[in-house]
Amino acid sequence: MAGPEIEHLMQMLARLPGLGPRSARRAALYLIKRRESALEPLAAALAQVAERVRPCPQCGNFDTASPCSLCADPRRDDGVICVVEDVDDLWALERTRAFSGRYHVLGGLLSALDGIGPEDLHLPRLLERAGQPVVQEIILALPATIEGQTTAHYIADRLKAAETPDHSLRVSGLAHGVPVGGELDYLDDGTLSQALRARRPV
Amino acid sequence: MEWCDVGIVLSARPHGEGGAIASLLTASHGRHAGLVPAGRSRSQRATLEPGTLLTCRWGARLESHLGRFTCEPVESSASLLLGDPRRLSVLNAFCALADWALPERLPCPDLYDASLALLVALQGEGWAAAYVHWEMLLLAETGFPLDVSACAATGRQDELVWVSPRSGRAVCREAGQPYADRLLPLPAFLLPELPAGMEWPEQWDHPDICTGLALTGYFLQHHLQVTIGKPLPWARGHLVSRLQTVDR
């Protein structure tokens, strides 16, 4: 039906998250029909990203600069490091504009099922960064799941073990509870009980 | 083929973009896996957290197929344990060991009941001792029962303080004394009846807990691991080191 190049394009598109063979076919056709407005700019953008974007050696974020723009920004607070599972979590926190410290991307979570142990995470670099005298607090912004919190407790232990008499760290985690706009009636039991336990004076 | 049951989530492995293959410890069908379509969606993800008790309906065209689960949560253990690293480690070790050791689709009602009891114990006191008991039952279910009812050498039912690493049978103090360096210590709370004057170890830092974990750990490592051919899950070793750490 289509030439081998188009078939190859459709196969590559079908591998992307959210796209199946049918939607990949639609996307390929869309691009081919709009060579100047869509296909060529997309190809150029992909080529640029492939050539220039690299993981930041400090925090693990993706950027064209090394270290990344977040690590290089002098306005950010060096005293607080927020630990996240992956780059998409970093981007989610950045969208809130509520955090102005530094980040550290772990690159996964401890998982008995997938055989991911501590040696598979970017922990040595985190311990190294946490050991700098300027760092006062580590925020463990990890998922409220068994794997997420197991990883959080493990990192907290490692950080405590690495403390010295001259340098102590505050290790904190994100609160769990009622989301903004959430109605109690629609919340699951687990979230509701967590929220009740973490109640605070009003 | 279709059946309904209650079960405990042991693991959920991503499948495709939004689905998951869940492994459940069910009351009447043993450890059973099945596809949960959209199991990784926002609404269903929490249902498949390890340790969640749920009702499930399994269906497939043939019995040998993987089949599909439809799950409804009954009670979630995870949310209550997330803040407690030790209890969380127990939950992790329980789910990982059951998933690792139990054969698929072989009913094990006693172990299921013990697992439910463990989940209840995790909400209160005595959870560490309940977990060691659960590991003993797991060994029994998988073909390595520890016989601690009487001494293997003399038949005595009192003063049982060791277990033979070869036979898994108890040995009394008198008969085992010459071989004490080669025998495994048997904590009193693992005996069928607690001896007079002994107390059930309610606290996780009771010395008998680590002794019990060392005993079951020996058989898990030297017998069950050899049979299964895969190393013990990381979560089990993590639990032992967690319970040996006193300050957190």
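Residues numbered from 1 in each chain as written. Chains lettered and ligands numbered in written order. Predicted model: local features only at pLDDT ≥ 70, side-chain atom pairs only at ≥ 80, totals over all residues. Heavy atoms only, no water.

- The name given to chain B in an unreviewed UniProt entry is DNA repair protein RecO, with the source organism recorded as Insolitispirillum peregrinum.
- UniProt lists a comment for chain B under the heading Sequence similarities (unreviewed entry), and it reads "Belongs to the RecO family." (UniProt positions renumbered as here; feature names shortened; annotations may be inferred.)

- As recorded in an unreviewed UniProt entry, chain A goes by the name Recombination protein RecR, listed as coming from Insolitispirillum peregrinum.
- Quoted verbatim from the Function (unreviewed entry) field of UniProt, the annotation for chain A is "May play a role in DNA repair. It seems to be involved in an RecBC-independent recombinational process of DNA repair. It may act with RecF and RecO."

With respect to empty space enclosed by the protein
Residues and elements named next belong to chain A.
- Evaluated as defined, the whole model comprises 1 cavity of 30 Å³ or more.
- Computed from the structure, the largest cavity encloses a volume of approximately 50 Å³.
- Around the largest cavity, the lining residues are L127, A130, G131, L159, A162, E163, H167 and L169. (1 Å grid on protein atoms, 1.4 Å probe; cavity = no way out; pocket = protein on both sides within 12 Å on 5 of 7 lines; lining within 4 Å. Points joined across faces, edges and corners; volume = space filled by probe spheres on them.)

Re the nonpolar core
- F94(B), Y131(B), W134(B) and L186(B) are the most contacted members of the largest nonpolar core, which totals 63 residues.
- Both of domain 1 (2-80) and domain 2 (87-148 + 186-244) of chain B provide at least three residues apiece to this core.
- Excluding anything up to four places from it in sequence, W134(B) contacts F94(B), L97(B), A98(B), L111(B), A114(B), S115(B) and L118(B).
- In terms of nonpolar packing, the next biggest core, distinct from the first, is built from 20 residues, L121(A), A130(A), A156(A) and L159(A) among them. (Core = buried A, V, L, I, M, F, W, Y, C linked by side-chain atoms within 4.5 Å. Buried < 20%, exposed > 50% of the residue type's maximum accessible area, 1.4 Å probe, protein only. Domains from an automatic or database assignment. Contact = heavy atoms within 4.5 Å.)

Thoughts on the pairing of strand β6 (residues 170-173) of chain A
Residue and element names in this part refer to chain A.
- Where strand β5 (residues 137-141) and β6 come together, 4 bridges link them in parallel fashion. Paired with L140 across the bridge in β6 is G173.
- With helix α7 (residues 146-161) bridging β5 and the parallel β6, this β-α-β connection has right-handed handedness. (Pairing = 2+ DSSP bridges. Helix = DSSP H or I, 4+ residues; strand = E, 2+ residues; numbered from the N terminus. Right-handed = clockwise from strand over helix to strand, strands pointing away.)

A short note on the UniProt feature "domain: Toprim" (unreviewed entry) in chain A
- With numbering matched to this structure, UniProt assigns "domain: Toprim" (unreviewed entry) to residues 79-179 of chain A.
- Annotation note: span residues 79-179 of chain A, helix share 34%, strand share 20%, distance between end C-alpha atoms 28 Å.

Notes on the side chain of S77(B)
All names here are of chain B.
- Of note, S77 is situated in the loop between β5 (68-75) and α2 (78-81).
- Within the structure, S77 has its side chain in polar contact with the backbone oxygen of G51 (distance 3.0 Å).
- Residues within four places of S77 in sequence aside, it is in contact with G51, L119 and Q123. (Polar contact = N/O pair within 3.5 Å; in protein donor to acceptor, adjacent residues only side chain to side chain.)

Some remarks on the domain arrangement of chain B
Residues and elements named next belong to chain B.
- When cut into domains, chain B gives domain 1 (2-80) and domain 2 (87-148 + 186-244).
- On a C-alpha basis, the centroid separation for the pair domain 1 and domain 2 is 24 Å.
- Between domain 1 and domain 2, the contact holds 27 residues from the first and 18 residues from the second.
- Of the roughly 1700 Å² buried between domain 1 and domain 2, counting both surfaces, carbon and sulfur atoms make up 59%.
- Contact with domain 2 buries area across many residues of domain 1, yet L10, L25 and R31 alone supply 36% of it, more than any other trio.
- Between the two partners, domain 1 and domain 2, sit 1 salt bridge. (Buried area = accessible area lost by both parts, 1.4 Å probe. Salt bridge = Lys/Arg side-chain N within 4 Å of Asp/Glu carboxyl O.)

Here we look at unusual backbone geometry
Residue and element names in this part refer to chain A.
- Of note, the amide linkage connecting S66 to P67 takes the cis form, showing an omega dihedral of 0 degrees.
- For P67, the position within the fold is in the loop between β2 (62-63) and α4 (69-72).
- For R97, which is not glycine, the phi torsion reads 55 degrees and is therefore positive.
- Relative to the elements of secondary structure, R97 occurs in the loop between α5 (87-96) and β4 (101-105).

Structural notes on α5(A)
All names here are of chain A.
- Within the sequence span of α5, burial applies to V87, L90 and L93. Taken down its axis, α5 places every buried residue within 120 degrees of arc, on the same side. Exposed residues on α5 whose side chains face more than 90 degrees from its buried face are D88 and R95.
- Buried residues in α5 make contact with β2, α4, β3 (77-84), β4 and β5.
- Residue R97 follows α5 closely and has a positive phi angle near 55 degrees. (Arc of directions from axis to C-beta.)

Some words on the packing of helix α4 (residues 109-121) of chain B against helix α5 (residues 127-141) of chain B
Residue and element names in this part refer to chain B.
- Remark: α4 packs on α5, axes separated minimally by 9 Å, with the N-to-C direction vectors making an angle of 165 degrees. The angle between α4 and α5 falls in the class roughly antiparallel. Regarding α4 and α5, the two cross each other, and that crossing is left-handed. Here α4 contributes D110, L111, A114, S115, L118 and A121 to the contact with α5, which in turn contributes W127, A130, Y131, W134, L137, L138 and E141. (Axes fitted to C-alpha atoms, helices over the stretch in contact; angles between N-to-C directions. Parallel < 35°, antiparallel > 145°, perpendicular 65-115°, else oblique. Left-handed = near helix turned anticlockwise from the far one by under 90°.)

Looking at the pattern of salt bridges
- What the rule picks out here adds up to 16 salt bridges over all chains.
- E137(A) is paired through a salt bridge with R170(A); the nearest N and O atoms lie 2.9 Å apart. Taken together, the positions of E137(A) in strand β5 and R170(A) in strand β6 put the pair 33 residues apart, joining distant regions of the chain.
- Looking at E137(A), the relative accessible area reads 16%, which means it is buried.
- Between R87(B) and D84(B) there is a salt bridge, with its nearest N and O atoms 2.8 Å apart.
- Taking relative accessible area as the criterion, D84(B) reaches 24% and is therefore assigned partly exposed.
- Here the salt bridges share partners, and the residues they tie into one network are R156(B), D158(B) and E174(B).

Thoughts on the pairing of strand β1 (residues 2-15) of chain B
Residue and element names in this part refer to chain B.
- Where β1 and strand β4 (residues 53-59) come together, 7 bridges link them in antiparallel fashion. Considered in β4, the bridge of C4 is made with R57.
- Between β1 and strand β2 (residues 19-26), which pair antiparallel one after the other, the connecting turn spans 3 residues, and G16 there sits at a positive phi close to 70 degrees.

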